[in-house]
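# Architecture and fold: a report
The primary structure of each chain is shown beneath.
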Amino acid sequence: MATNYYKLNLASLPDDLYNKETDVKEWLALTTTSKGSFPPDSLNRVLRMDSSVELERIIGISLWMVGNVLPFVLPLFILASVLSSTGLVLLKAFLAYVAVLASLNKFVFAPMFMKRYKRKQLSNTDIKDNQYLHTERNNQKYNSLQFVWPESVNRPALNDKPVIFTAIPHGAVPLGITCYPVWSKLFNDKLCHWTCAPVVLKLPIVSSFMKHMGYIPAKAKHIVDTLTKKEENVGVVLDGIAGMFRSDKNTEIANIKQRKGIIKIALRAGVPIVPTYGFGHTSLWRIVVDPFGILEALSLKLDISLTPFFGRWGWFLGPPQRVPLCVALGEPVLCPKIDEPTQDDIDKYHSQLLQSYADLFECHKASYGWANKKLVFV
């Protein structure tokens, strides 16, 4: 018997409904349904958008990218400026680039969109409201974001317990997960905290933003405490940094075959895991992978990306391609509460997770225009 699937187009969601006060029923009223898969190529359409939204994302995402690498590359530019006149020129050019991006963001686009979306400054206490930030709203429009999920995830199925959303693939940046209100509103009313490498929460400026969005370190203790003490949702990009280096034109490669720690956490907490696939994540930026795997090895060792990648128009650390994104959720893995799960317990539910991923990919790949692509676990 074919499963019922629901679809919500976040990109075309009316702006006046994009706020914490809107009842989720108004979002659900805009969904479309399908008995089984949606029609071929129906989940990969790029929608028209306001030019000001496009410009804001071109500047805003480029600023975000450079902000992530600034603490690491600035010392190198300073050292180069001391050693040579060419290095000094490069330092000045880099600082000018950052200053232009920051100025346009602060004095032009931030005021414009905060007024348009009736937003206020980020709160130190109301994370749910912070998640409706104008930048993340514009991500949805820039990449024509759609969400798809099965009947088993639709309300009220997940109302009673916190949930772990496990997303793949990482790609250069998993933009599909940045529609933060969806995870905290659409499937239940519990605030969702996404995880990130602990080092990211120590970066200047970037860390403040991410904490305001509810991010927590990708460590077992923080995840368990969020699930059991706060009774709130958690989101994990399951393949992590390794997911940046794994894809080609014919195959989506998911580096999750040995990622079993999240299963142990779910069993101890007794919460369901909802597998999530970001169709289009691997197409947003072109990642340069060295043939010897040195940058990959260093990135995995330090738990932070050290590989260069290029966006739209070949812009280094620039805005992504205007690729449509479809975030598809699969059948949940219902983990019973087991205080001390055995390896057999962990392997059993990990196998269920892999199978759910395989099923959701096969179900939706033709709808996204990837009829001939395969998903491979490594």
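What counts and how
- Residues numbered from 1 in each chain as written.
- Predicted model: local features only at pLDDT ≥ 70, side-chain atom pairs only at ≥ 80, totals over all residues.
- Heavy atoms only, no water.
- Pairing = 2+ DSSP bridges.
- Helix = DSSP H or I, 4+ residues; strand = E, 2+ residues; numbered from the N terminus.
- Contact = heavy atoms within 4.5 Å.
- Axes fitted to C-alpha atoms, helices over the stretch in contact; angles between N-to-C directions.
- Phe/Tyr/Trp six-rings, centres within 6.5 Å; stacked < 30°, edge-to-face > 60°.
- Buried < 20%, exposed > 50% of the residue type's maximum accessible area, 1.4 Å probe, protein only.
- Lys NZ or Arg CZ within 6 Å of the ring centre and 35° of its normal.
- Polar contact = N/O pair within 3.5 Å; in protein donor to acceptor, adjacent residues only side chain to side chain.
- Core = buried A, V, L, I, M, F, W, Y, C linked by side-chain atoms within 4.5 Å.
- Parallel < 35°, antiparallel > 145°, perpendicular 65-115°, else oblique.
- Left-handed = near helix turned anticlockwise from the far one by under 90°.
- Nonpolar A, V, L, I, M, F, W, Y, C, P; charged D, E, K, R; others polar.

### Describing the sheet that holds strand β7 (residues 233-237)
Ordered in space as β2-β1-β3-β12-β9-β4-β7-β5-β6, the nine strands form an open sheet in which the pairing is mixed. Of all the strands in the sheet, just β2 (32-35) and β6 (216-217) have a single pairing partner and so form its edges. Relative to β7, strand β5 (residues 192-196) runs parallel, the two sharing three bridges. Bridge pairing in β7 places H193 opposite V234. Along the sheet face, helix α11 (residues 343-364) touches β1 (4-9), β3 (146-150), β4 (164-168), β9 (273-279) and β12 (326-329) and points at about 40° away from the line of β9.

### A closer look at unusual backbone geometry
A cis amide bond, omega 5°, links R155 with the succeeding residue P156. Residue placement: P156 occurs in the loop between β3 and β4. A positive phi angle, near 70°, is found at I205, a position not held by glycine. Relative to the helices and strands, I205 is located in the loop between β5 and α7 (206-212).

### A short note on the packing of aromatic side chains
Within the structure shown, the criterion is met by 22 aromatic pairs. Note on Y18 and W27: the rings are 6.2 Å apart at their centroids and 5° apart in plane angle, and the pair reads as stacked. Here W27 falls in the buried class, since its relative accessible area comes to 0%. Between the aromatic rings of Y277 and F361, the centroid separation amounts to 5.3 Å while the plane-to-plane angle is 70°, which identifies the pairing as edge-to-face. On the criterion of sequence distance, the pair formed by Y277 in strand β9 and F361 in helix α11 is long-range, its members being 84 residues apart. Taken together, Y6, F147, W149, F165, W183, F187 and W194 form an aromatic cluster joined through their ring pairs. For the cation-ring pair, K185 lies above W27, with the distance from its terminal atom to the ring centre recorded as 5.2 Å.

### Some remarks on the pairing of β7
For β7, the tally of buried residues reaches five of five residues, placing the bulk of the element in the interior. Burial along β7 is two-sided: N233, G235 and V237 facing one way and V234 and V236 facing the other are all buried. Across four bridges, β4 lies against β7 in parallel orientation. Paired with T166 across the strands is V236, a residue of β7.

### Here we look at the environment of V234
Among the secondary structure elements, V234 is positioned in strand β7. For the pair V234 and K190, spaced 44 residues apart in sequence, the C-alpha separation works out to 9.5 Å. Once residues within four sequence positions are removed from consideration, V234 is found in contact with V163, I164, F165, C192, H193, T195, I216, I223, T226 and L227.

### Here's the deal with the side chain of E56
Tracing the chain through its elements places E56 in helix α2 (residues 51-83). In this structure the side chain of E56 is engaged in a polar contact, spanning 3.0 Å, whose partner is the side chain of N138. Apart from residues lying up to four places away in sequence, E56 is in contact with I61, N105, F109, F113, H134, T135 and N138.

### Observations concerning the nonpolar core
Core analysis: the biggest nonpolar cluster contains 93 residues, and F147, W183, F187, W194 and L329 have the highest contact counts within it. A total of eight residues in this core trace back to one element, the largest contributor, which is α11. Ranked by size, the runner-up nonpolar core spans 13 residues in total, among them V66, F109, F113 and Y117.

### Considering the packing of α2 against helix α3 (residues 85-116)
Relative orientation of the contacting elements α2 and α3 amounts to 150°, with a least axis distance of 8 Å. Taken together, α2 and α3 sit at an angle that is classed as roughly antiparallel. Of the two possible hands of crossing, α2 and α3 adopt the one that is left-handed. Looking at the contact of α2 with α3, its residues break down into 24 nonpolar, five polar and two charged.

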